[in-house]
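# Observations on the model geometry
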Amino acid sequence: MSDLGKIDRAFFDRHIAPNLGADRDDVAVGPAHGVDFGVVDIGGRALVTATDPLSILPALGLERAARFALDLVLADVAVSGVPPSHLSICFTLPEGMTDEEFATVWETIHAECTDLGVAVVTGHTARYADPSHPWVGAATAMGVGDHDEIVRPDGARPGDRLLLTNGPAVESVGLLSTLFGEQLELPADVIADAQERLEEVFAVRDALTAAAAVPVRAMHDVTEGGLAGALNEMADGAGVRFAVDGDAVPMRPGVREVCEALAFDPWAATSCGSLLLAVDPDGVAAVRGALEARETPVAEIGRVEAVGNGESEVRVDEDRLEHPRVDPSWDAYADLAAEAADGTDS
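Residues numbered from 1 in each chain as written. Predicted model: local features only at pLDDT ≥ 70, side-chain atom pairs only at ≥ 80, totals over all residues. Heavy atoms only, no water.

## Focus on the UniProt feature "domain: PurM-like N-terminal" (unreviewed entry) in the protein chain
Annotation from UniProt places "domain: PurM-like N-terminal" (unreviewed entry) at residues 36-143. Helix makes up 32% of residues 36-143 and strand 41%, and the two end C-alpha atoms of the span are 13 Å apart. (UniProt positions renumbered as here; feature names shortened; annotations may be inferred. Helix = DSSP H or I, 4+ residues; strand = E, 2+ residues; numbered from the N terminus.)

## Re the nonpolar core
If you look at the biggest cluster of nonpolar residues, it comprises 59 residues, and the most contacted ones within it are Leu 87, Phe 91 and Met 219. Breaking this core down by element, the ones donating at least two residues are β3 (45-55), α2 (62-78), β4 (86-94), α3 (99-116), β6 (135-145), α6 (204-213), β10 (275-279) and α9 (284-293). In terms of residues, this core owes the most to one element, α2, which gives 11 residues. The residues that make up this core include at least three from each of domain 1 (9-145) and domain 2 (160-338). Listed in part, the 24 residues of the second largest apolar core include Ala 218, Leu 231, Val 249 and Ala 278. (Core = buried A, V, L, I, M, F, W, Y, C linked by side-chain atoms within 4.5 Å. Buried < 20%, exposed > 50% of the residue type's maximum accessible area, 1.4 Å probe, protein only. Domains from an automatic or database assignment.)

## Observations concerning the side chain of Thr 108
Residue position: Thr 108 is located in helix α3. Sequence-distant contacts of Thr 108, defined by excluding residues within four places in its chain, comprise Glu 63, Ala 66 and Arg 67. (Contact = heavy atoms within 4.5 Å.)

## Brief notes about the packing of α6 against α9
Two quantities define a packed helix pair, namely the angle between the axes and the distance from one axis to the other. Running from N to C, α6 and α9 point in directions that differ by 145°, and their axes come no closer than 8 Å. As α6 packs across α9, the resulting crossing turns out to be right-handed. Contacts from Asp 206, Thr 209, Ala 210 and Ala 213 in α6 reach Ala 286, Val 287, Ala 290 and Leu 291 in α9. For the contact of α6 with α9, the residue count by class is 6 nonpolar, 1 polar and 1 charged. (Axes fitted to C-alpha atoms, helices over the stretch in contact; angles between N-to-C directions. Left-handed = near helix turned anticlockwise from the far one by under 90°. Nonpolar A, V, L, I, M, F, W, Y, C, P; charged D, E, K, R; others polar.)

## Examining the pairing of strand β5 (residues 119-128)
Strand direction decides the pairing type here: β4 and β5, joined by 9 bridges, are parallel. Within β5, the residue paired with Pro 94 across the bridge is Tyr 128. Regarding the hand of the β-α-β motif, the stretch spanning β4, α3 and β5 is right-handed. (Pairing = 2+ DSSP bridges. Right-handed = clockwise from strand over helix to strand, strands pointing away.)

## Overview of the side chain of Glu 171
Here Glu 171 is to be found in helix α4 (residues 170-180). A polar contact of 2.8 Å, which involves the side chain of Glu 171, links it to the side chain of Thr 270. If near-sequence neighbours (up to four positions away) are discounted, Glu 171 is found in contact with Phe 68, Val 201, Thr 270, Ser 271 and Cys 272. (Polar contact = N/O pair within 3.5 Å; in protein donor to acceptor, adjacent residues only side chain to side chain.)

## Comments concerning α4
Counting buried positions along α4 gives 9 out of 11 residues, so the element sits mostly inside the fold. Buried residues of α4: Val 170, Glu 171, Ser 172, Val 173, Gly 174, Leu 175, Leu 176, Ser 177 and Phe 180, and no others.

Following this line, the structure appears as structure tokens:
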């Protein structure tokens, strides 16, 4: 099994895919490795649904941490192009979280859901002895739309252009520089730039904006395994080649410096808030214009090509790019947290 947060393709294909409970005709899109959501047919309408863990990092500030946790859940429905509309949420709170702290988290989630038109329909909330931050539960997001409006994760076609919002490692760099900025031997202005990346980790509105601008062929959020993982997962789903221009991939301020200081590859690091899109060439200008109107950085980074043998691949400047087996930001976080703990103890 992979050391990434998510299980790897081999484990999924061997143990998960053959064991999915009852075989029902109303499942239009079922579980698949690298696919963000599932779809159930309800009387000719599409119910899009996705489940994710809830991560609350109090050191970010409870309001920002709650918004971040919610966006991660809702984004996996939003990348289908269908707006999330309903939420089922379960909190397994650590004993040390006070009523006042949880009230802040809940009220922030309520406010953000209200703004997005999302209703909380059911859930569970309790404290337990073992749970600890950041993992404090899980949630399921849902949205209802037409089947022909869904942006499928395997929809990239030869000739499409590849667009990327924000760029690689914005989440990793934003989190690490915010939580451990004093431990990074970098100029203050660089650390400040890196910390600003936390304002770019919210993908729901960008995903819905892109989908509404033009029929986007495929869309994927850049999570565990980073940009390299997202490129491979989308190409694999469609059975195509992604030809990427490495120089065209945007790098937000502070990202390169923090990644170099911590000695990890930004392309392999989780980057929630960044979206990878496959778009018909005629729609590129419309999608870019809609995203730029939201002041979201977006760049065209490559194209989709056919592969004769039916196998997928990703090429960056002609060199093959593999799916990372390890997300390096996890080890960087662990090392910095241990260093911080040692400093506190001393």
